[in-house]
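Residue strings, one per chain:
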Amino acid sequence: MPVELGWKPTFGPEKLPGNYRIGYYYSSVDGDVYGSWRNGGYQDQAHSYGGYLLLQQQLTAQDGDVNRGLGVRVQAVMNDHKTSKTDNYQSIAFYLDRPV
């Protein structure tokens, strides 16, 4: 069962766009078990869960274009360690969109 909440605000006099999302899933399926190797063995539980956070915000505008300029993106992912070798991940990135 997945769940996601999102918000797309605009900030400041230039109305700089943002994209904010948080999500979660839980699986209660009692079917085939797909477990990752952990603590000396494969996991044998069928249930799994995970979640994520995404924050993306435009910080500046270029020549009046709110989709151009400096932006920031923050991501965090959490997976069930029983079913994923990569059970968490975080990143922060600044990016510059400019005319070509």
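Rules and cut-offs
Residues numbered from 1 in each chain as written. Predicted model: local features only at pLDDT ≥ 70, side-chain atom pairs only at ≥ 80, totals over all residues. Heavy atoms only, no water. Phe/Tyr/Trp six-rings, centres within 6.5 Å; stacked < 30°, edge-to-face > 60°. Buried < 20%, exposed > 50% of the residue type's maximum accessible area, 1.4 Å probe, protein only. Helix = DSSP H or I, 4+ residues; strand = E, 2+ residues; numbered from the N terminus.

How do you make sense of the packing of aromatic side chains when you look at a structure like this?
Aromatic rings in a pair are described by how distant their centres are and how their planes are angled relative to each other. In this structure the tally under the stated criterion is two aromatic pairs. Relative to Phe 11, the ring of Trp 7 lies with its centre 6.2 Å away and its plane at 90 degrees, an arrangement referred to as edge-to-face. Taking the relative accessible area as the measure of exposure, Trp 7 reaches 52% and is therefore exposed. Aromatic side chains Trp 7 and Tyr 20 sit 5.6 Å apart centroid to centroid with 40 degrees between the ring planes, which places their arrangement in the tilted category. Highlighted residues: Trp 7 in strand β1 (residues 2-7) and Tyr 20 in strand β3 (residues 16-27), separated in sequence by 13 residues. In textbook terms, an aromatic cluster arises when at least three aromatic residues are bridged by ring pairs, as seen for Trp 7, Phe 11 and Tyr 20.

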